[in-house]
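# Structural description and commentary
Chain residues, written in single-letter form:
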Amino acid sequence: MTAPLRVALLGCGTVGGAVLRLLDEQAGDLTARIGRPVQVAGVAVRRPDRHPEVPADLLTTDALGLVARDDVDLVVEVIGGIEPARSLILAAVEAGKSVVSANKALLAEDGVALHAAAAKAGVDLYYEASVAGAIPLLRPLRESLAGDQIRRVVGIVNGTTNYILSRMAETGAGFSEALAEATELGYAEADPTADVDGFDAAAKAAILASLSFHTAVTAADVHREGISAVSATDVARAAEIGCTVKLLAICERVAGEDGDTVAVRVHPAMIPTSHPLAAVGGAFNAVFVEAEAAGQLMFYGQGAGGEPTASAVLGDLVAVARNRVAGAAGAGPTAYADLPARPIAETPTRYHVSLDVADVPGVLATVATAFAEHGVSIATVRQDGHGDAATLVIVTHSAPDAALSSTIAALRELPAVRGVTSVLRVEGLS
Ligand SMILES: NC(=O)C1=CN([C@@H]2O[C@H](COP(=O)(O)OP(=O)(O)OC[C@H]3O[C@@H](n4cnc5c(N)ncnc54)[C@H](O)[C@@H]3O)[C@@H](O)[C@H]2O)C=CC1
Ligand SMILES: N[C@@H](CC=O)C(=O)O
Ligand code: NA
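Every chain is numbered on its own, with residues counted from 1 as its sequence reads. Starting at A for chains and at 1 for ligands, labels are handed out in the order in which the entities are written. Per-residue local features of the predicted model are confined to residues with pLDDT of at least 70, and side-chain atom pairs are confined, for both listing and counting, to 80 or more; whole-chain, interface and lining totals are unaffected and use all residues. Hydrogens and water molecules were not included; the side-chain quantities draw on all heavy atoms of the structure.

As recorded in an unreviewed UniProt entry, the chain goes by Homoserine dehydrogenase and comes from Geodermatophilus amargosae. Under Cofactor (unreviewed entry), UniProt gives the following word-for-word description of the chain: "a metal cation". UniProt positions are given in the numbering used here, feature names are shortened, and annotations may be inferred rather than shown by experiment.

In structure tokens form, the structure reads like this:
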């Protein structure tokens, strides 16, 4: 019988546990698809006593020792975080072992160096699971669309926050309750502030922008806002204008007189309920890709959870194992374009603003003047009076984000404005 390919599994939590189970359940099919059996050589964990499901002789707390073993051919990293994951991946590739990872935080911080190390060693580094869980997205960007020019990628790439926002909109559930459910279901990161504050989505946006535009984008290049400031009022105001609130990742290649730039941002936004992304509920993700020749493409599916993510990990494992059987590594991504990042301040956006004002003559004109003075044009305005107060709901036309944020600062200073009760960007309105 052909000698098996031996796999080191680093981490056995939500994703690692599902990978281990599927490797066992699908052993026969995987052997047929790869041309050689795949066998688990060892499973590195922090607390072996917490893993009665794993055969004791496979468990180890020495992840580095496992990676270095001569009988290990391939490494699956599902620990997460920067260290020790980075050192373990580098040790693996330097020892000639191809790596599959689900670690967006690490790839978004240090992808260039990790790819360089993998290319130097002639091994593969695949990470389909790192963005949008089960959805085949990175390989289509890296391979299927390699002959096209991608201009824009926009989507929902964090399952936890989408689950929270969906629950808030559909059932009126509170933020903490919805987050606890998402954690229980295995969607949230080990530290869920990575989800709530947009770090996870920003890392994914950096990976998407790097692959789409053939340039190096790190998480630090991404403008990031999470959902912790999204209130029940924001959700209600969105519903009043036929919108819903979603955390969006938007990656754009922008043509300019001095050459192209990339603008990459993650923030909550109101989108019309008729927009295809508005129907993406729970932990599902969806990503639109706009390419010059292909036009618009949509990718949709489960963006988080043990089994869906393990599906992507196993897909990568089959790919790197096939390459290993063929005796060659696949082509890595290219980053030749060297495009600078455009700051959010210069990025055109639209705002929805809700104000509590004193219902006195001239208040509307005073508010309108504040917008005009900052070069921001108003698209719609609605005034609801109640007693001596009124609510003004304003949707702007597109303007540089800096102009919009200085308008909000100026509004807060106006004596007639009693409170700025909701400020959210708006996307997808015609
Ligand atoms: N849960 C999900 O839906 C998804 C997770 N991911 C990514 O997959 C990776 C793993 O995520 P989860 O399985 O959800 O996390 P988890 O927290 O459930 O599992 C991580 C495991 O790694 C172990 N670990 C930590 N340090 C270790 C060390 N030094 N040596 C050995 N084991 C160690 C932990 O004990 C834990 O069992 C992360 O990079 C995450 O961002 C990607 C897509 C979806
Ligand atoms: N915590 C992440 C897991 C998948 O990447 C999410 O909620 O999307
Ligand atoms: Na994916």
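From this point on, the discussion continues.
Another aspect to go through is the coordination of the sodium ion (ligand 3). The donor set comprises N, O and S atoms within 2.8 Å of the metal, extended to 3.2 Å for Na, K and Ca; water molecules are omitted, so apparent gaps in a site may simply reflect that omission. Those donors, Glu-128 (O), Glu-128 (OE), Val-131 (O), Gly-133 (O) and Ile-135 (O), are the protein atoms that reach the sodium ion (ligand 3), and they lie 2.4 to 2.7 Å from it. Going along the chain, you hit the donors of the sodium ion (ligand 3) in the pattern E-x2-V-x1-G-x1-I. Classification of residues uses two cut-offs on accessible area relative to the type maximum, computed with a 1.4 Å probe and protein chains only: under 20% is buried, over 50% is exposed, and between them is partly exposed. Take Ile-135: its relative accessible area is 3%, and that puts it in the buried class.

Turning next to the site of ligand 2. Think of it this way: one heavy atom of a residue within 4 Å of a molecule or strand is enough to make that residue near it. Neighbouring ligand 2 are 13 residues; Lys-104, Gly-159, Thr-160, Tyr-187 and Asp-195 lie closest to it. Nitrogen and oxygen atoms within 3.5 Å of one another constitute a polar contact, given that in protein one can donate a hydrogen and the other can accept it, and given that sequence-neighbouring residues count only through two side-chain atoms. Tyr-187 is positioned such that a nitrogen or oxygen atom in its backbone is 2.6 Å from a nitrogen atom of ligand 2. Here Lys-204 contributes a side-chain N or O atom positioned 2.7 Å from an oxygen atom of ligand 2. Using the Shrake-Rupley algorithm and a 1.4 Å probe, accessible areas are obtained, with residue cover drawn only from the displayed protein chains. For ligand 2, whose unbound accessible area comes to 250 Å², protein coverage reaches 94%. Broken down by secondary-structure element, the contributors of at least two residues to the shell around ligand 2 are α7 (159-171) and α10 (199-213). Here the shell around ligand 2 is built from residues that sort into four nonpolar, four polar and five charged. Here a helix means four or more residues in a row that DSSP labels H or I, a strand means two or more in a row labelled E, and each is numbered from the N terminus. By the convention adopted, Pro, Cys, Tyr, Trp, Phe, Met, Ile, Leu, Val and Ala count as nonpolar, Lys, Arg, Asp and Glu as charged, and the other residues, Gly among them, as polar.

Moving on, we get to the domain arrangement of the chain. An automatic or database domain assignment provides the domain bounds reported here. Per the domain assignment, the segments making up the chain are domain 1 (5-133 + 306-326), domain 2 (138-302) and domain 3 (344-426). The straight-line distance from the C-alpha centre of domain 2 to that of domain 3 is 26 Å. Taken together, the 14 residues of domain 2 in the interface contact 16 residues of domain 3. Accessible area, probed at 1.4 Å, shrinks when two parts are joined; the buried area is that loss added up over both. Between domain 2 and domain 3, a total of about 1,200 Å² is buried, with carbon and sulfur atoms accounting for 61% of that surface. Every case where a carboxyl oxygen of Asp or Glu lies within 4 Å of a side-chain nitrogen of Lys or Arg is listed as a salt bridge. Here domain 2 and domain 3 share two salt bridges between them. At the junction of domain 2 with domain 3, the criterion picks out five residue pairs in polar contact (both at pLDDT 80 or more). By definition, residues are in contact when any of their heavy atoms lie within 4.5 Å.

Taking the numbering used here, the UniProt-annotated feature "domain: ACT" (unreviewed entry) corresponds to residues 352-425. Counted over residues 352-425, helix gives 32% and strand 47%. Its end C-alpha atoms are 6 Å apart.

With that out of the way, let us pick up the pairing of strand β14 (residues 378-386). For two strands to pair, DSSP has to find at least two bridges joining them. Both β14 and strand β15 (residues 389-396) contribute to a ladder of eight bridges, which runs antiparallel. Bridging across to β15, Arg-382 finds its partner in Val-393. Linkage of β14 to β15, two consecutive antiparallel strands, is achieved through a turn of two residues, within which Gly-387 is found at a positive phi near 65°.

Turning our eyes to something else, we now look at the nonpolar core. A general trend in soluble globular proteins is that nonpolar side chains are found buried together. To define a nonpolar core, start from buried Ala, Val, Leu, Ile, Met, Phe, Trp, Tyr and Cys residues and group those joined through side-chain atoms within 4.5 Å. In terms of nonpolar packing, the biggest core is built from 72 residues, with Leu-10, Leu-137 and Leu-208 touching the most fellow members. With 10 residues, α10 is the largest single contributor of residues to this core. Two domains each donate at least three residues to this core, and these are domain 1 (5-133 + 306-326) and domain 2 (138-302). In terms of nonpolar packing, the next biggest core, distinct from the first, is built from 35 residues, Leu-9, Val-19, Leu-22 and Ala-319 among them.

Turning next to the UniProt feature "binding site: NADP(+)" (unreviewed entry) in the chain. Sequence positions flagged by UniProt for "binding site: NADP(+)" (unreviewed entry) are, in local numbering, Leu-10, Gly-11, Cys-12, Gly-13, Thr-14, Val-15, Gly-16 and Gly-17. Note on Val-15: relative accessible area 19%, which makes it buried. Setting aside its immediate chain neighbours within four residues, Val-15 contacts Val-78, Gly-306, Thr-309, Ala-310 and Val-313. Following the sequence through the fold, Gly-17 ends up in helix α1 (residues 14-25). Note on Gly-17: relative accessible area 17%, which makes it buried.

With that settled, the discussion passes to the pattern of salt bridges. Taken as a whole and judged by the stated rule, the model has 27 salt bridges. We note a salt bridge from Arg-151 to Asp-260, for which the minimum N-O separation is 3.8 Å. Of this pair, Arg-151 sits in strand β7 (residues 150-156) while Asp-260 sits in the loop between β9 (243-254) and β10 (261-272); the two residues are 109 residues apart in sequence, bridging distant segments of the chain. With relative accessibility at 25%, the residue Arg-151 sits in the partly exposed group. Between Arg-152 and Glu-252 there is a salt bridge; the shortest N-O distance is 2.9 Å. Pair noted here: Arg-152 is in strand β7 and Glu-252 is in strand β9, with a separation of 100 residues, a long-range link.

Backbone-to-backbone hydrogen bonds join strands into a sheet, with any given pair of strands oriented parallel or antiparallel. Spatially, the six strands line up as an open sheet ordered β3-β2-β1-β4-β5-β6, and their pairing is parallel. Unpaired on one side and paired on the other, β3 (59-60) and β6 (125-126) mark the two borders of the sheet. Bridge count for strand β1 (residues 5-10) against strand β4 (residues 74-77) is four bridges, and the pairing is parallel. Bridged to Leu-9 within β4 is Val-76. Between the N-to-C directions of two axes lies an angle of 0 to 180 degrees, each axis being a line fitted to C-alpha atoms and, for a helix, fitted only over the stretch in contact. Sitting on the sheet, α1 touches β1 and β2 (38-44), and the angle it makes with β2 is about 155°.

What follows deals with the site of ligand 1. Around ligand 1 there are 22 residues in total, and Thr-14, Val-15, Lys-104, Glu-189 and Gly-305 lie nearest to it. Between ligand 1 and Glu-189 there is a distance of 2.7 Å, counted from an oxygen atom to a side-chain nitrogen or oxygen. One of the backbone N or O atoms of Gly-305 is found 2.6 Å from an oxygen atom in ligand 1. Expressed as a share of its isolated accessible area of 820 Å², the protein-covered part of ligand 1 is 84%. By residue class, the composition of the shell around ligand 1 is 11 nonpolar, eight polar and three charged. Of the domains in this structure, domain 1 (5-133 + 306-326) and domain 2 (138-302) are the two that each give at least three residues to the shell around ligand 1.

By the secondary structure assignment, Ser-422 is in strand β17 (residues 417-426). By relative accessible area, Ser-422 is classed as buried at 2%. Residues contacting Ser-422, with those up to four places away along its chain left out, are Asp-234, Arg-237, Met-270, His-352, Val-353 and Ser-354. A polar contact is formed between the side chain of Ser-422 and the side chain of Asp-234, at a distance of 2.5 Å.

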